[in-house]
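A look at the structure
Spelled out, the chains give:
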Amino acid sequence: MSEDRVTLADLERIVAARAQADAGASYTRSLLDKGIAKCAQKVGEEAVETALAAVAGDRAEVVSEAADLLYHLAVLLHAKGVPLDDIHAELARRTSQSGHQEKAARQRS
């Protein structure tokens, strides 16, 4: 992990490590202790805030809110036991065909 850049894989490792900490010392642990519903709520809140920042046209705010969104998504994925490798595999599957084909296949399922 570079000090000036954190990848999603880095974030996944950071969340996993902080999940092992005491809730008094770790915001991540305190979120996890509140359960899946709270983690999911935070993802929703941050998604809305990211979208609103994008509509407002404030680039710096979009960056800030998107970072919050990715962090909270990483916490939710950790809480559900979903590794990034599963997300990568799904993205690979979806991008192996056009978006229209992929969407049509999902609707038939």
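Here the residue numbers are simple positions, counted from 1 along each chain's written sequence. Predicted model: local features are reported for residues with pLDDT of at least 70 only, side-chain atom pairs are reported and counted for 80 or more only, and whole-chain, interface and lining totals are derived from all residues. Only hydrogens and water are set aside when side-chain values are computed; all heavy atoms of the structure are taken into account.

**Looking at the overall build of the chain**
Applied cut-off: By the criteria applied, helices consist of DSSP H or I runs no shorter than four residues and strands consist of E runs no shorter than two, each listed in order from the N terminus. Exposure is judged per residue with a 1.4 Å probe applied to protein chains only, and the accessible area is read against the type maximum: over 50% gives exposed, under 20% gives buried, and values in between give partly exposed. In what follows, residue pairs with any heavy atoms lying within 4.5 Å of each other are defined as contacts. Surface accessibility follows the Shrake-Rupley procedure with a 1.4 Å probe radius. Residue values consider only the protein chains on display as shielding.
On a plain count of helices and strands, the chain comes out with six helices and zero strands. The N-to-C order of helical and strand elements in the chain reads α-α-α-α-α-α. Looking at the 109 residues of the chain, the share that counts as buried comes to 22%. Sequence-distant contacts in the chain: of pairs separated by 6 or more residues, those separated by 24 or more amount to 51%. Roughly 7,500 Å² of accessible area belongs to the chain as shown, and the carbon and sulfur atoms make up 56% of that amount.

**With respect to a nonpolar patch on the surface**
Rules: What goes into a patch is any residue over 30% in relative accessible area without a salt bridge, connected to like charges within 9 Å or, for nonpolar side chains (Val, Leu, Ile, Met, Phe, Trp, Tyr), within 5 Å. By convention in these notes, a salt bridge is any Lys or Arg side-chain nitrogen within 4 Å of a carboxyl oxygen on Asp or Glu.
On the surface, Leu8, Leu70 and Leu73 cluster together into a nonpolar patch covering about 230 Å² of accessible area. In this structure, Leu8 sits in helix H1 (residues 8-19). Looking at Leu8, the relative accessible area reads 44%, which means it is partly exposed.

**Section: the packing of aromatic side chains**
Where we set the bar: Between 30 and 60 degrees the pair is tilted, below 30 it is stacked and above 60 it is edge-to-face, where a pair is any two Phe, Tyr or Trp rings, Trp via its six-membered ring, whose centres lie within 6.5 Å.
Applying the stated criterion across every chain, the model contains one aromatic pair. Relative to Tyr71, the ring of Tyr27 lies with its centre 6.2 Å away and its plane at 25°, an arrangement referred to as stacked. On the criterion of sequence distance, the pair formed by Tyr27 in helix H2 (residues 27-33) and Tyr71 in helix H4 (residues 59-80) is long-range, its members being 44 residues apart. Owing to a relative accessible area of 44%, Tyr27 belongs among the partly exposed residues under this scheme.

**Points about the pattern of salt bridges**
With the rule as written, the count across this model stands at five salt bridges. We note a salt bridge from Glu90 to Arg93, for which the minimum N-O separation is 2.6 Å. Within this pair, Glu90 and its partner Arg93 are both found in helix H5 (residues 84-95), separated by three residues, close to a single helical turn. Judged by its relative accessible area of 39%, Arg93 falls in the partly exposed class. For the salt bridge of Arg94 with Glu90, the shortest nitrogen-to-oxygen distance reads 2.8 Å. Here the residue Arg94 and the residue Glu90 both occupy positions in helix H5, the gap between them amounting to four residues, near one helical turn. Each member of the salt-bridge network shares a partner with another, and the members are Glu90, Arg93 and Arg94.

**Some details on the nonpolar core**
The test is simple: In these notes, a set of buried Ala, Val, Leu, Ile, Met, Phe, Trp, Tyr and Cys residues joined through side-chain atoms within 4.5 Å is what counts as a nonpolar core.
In terms of nonpolar packing, the biggest core is built from 11 residues, these being Leu11, Val15, Ala19, Leu31, Leu32, Cys39, Val43, Tyr71, Ala74, Val75 and Leu76. A total of four residues in this core trace back to one element, the largest contributor, which is H4.

**A few points about helix H3 (residues 36-56)**
Applicable threshold: Helix span, as expected, comes to 1.5 Å for every residue beyond the first. As used here, the arc is the angular range of directions from the helix axis to the C-beta atoms.
Look at H3: 30 Å from first C-alpha to last across 21 residues, which is about the 30 Å you get at 1.5 Å a residue. Within the sequence span of H3, burial applies to Cys39, Lys42, Val43, Glu46, Thr50 and Ala53. Along the axis of H3, the buried residues cluster in a sector spanning 100°; they form a single face. Facing away from the buried side of H3, by more than 90 degrees, are the exposed residues Ala37, Leu52, Val55 and Ala56.

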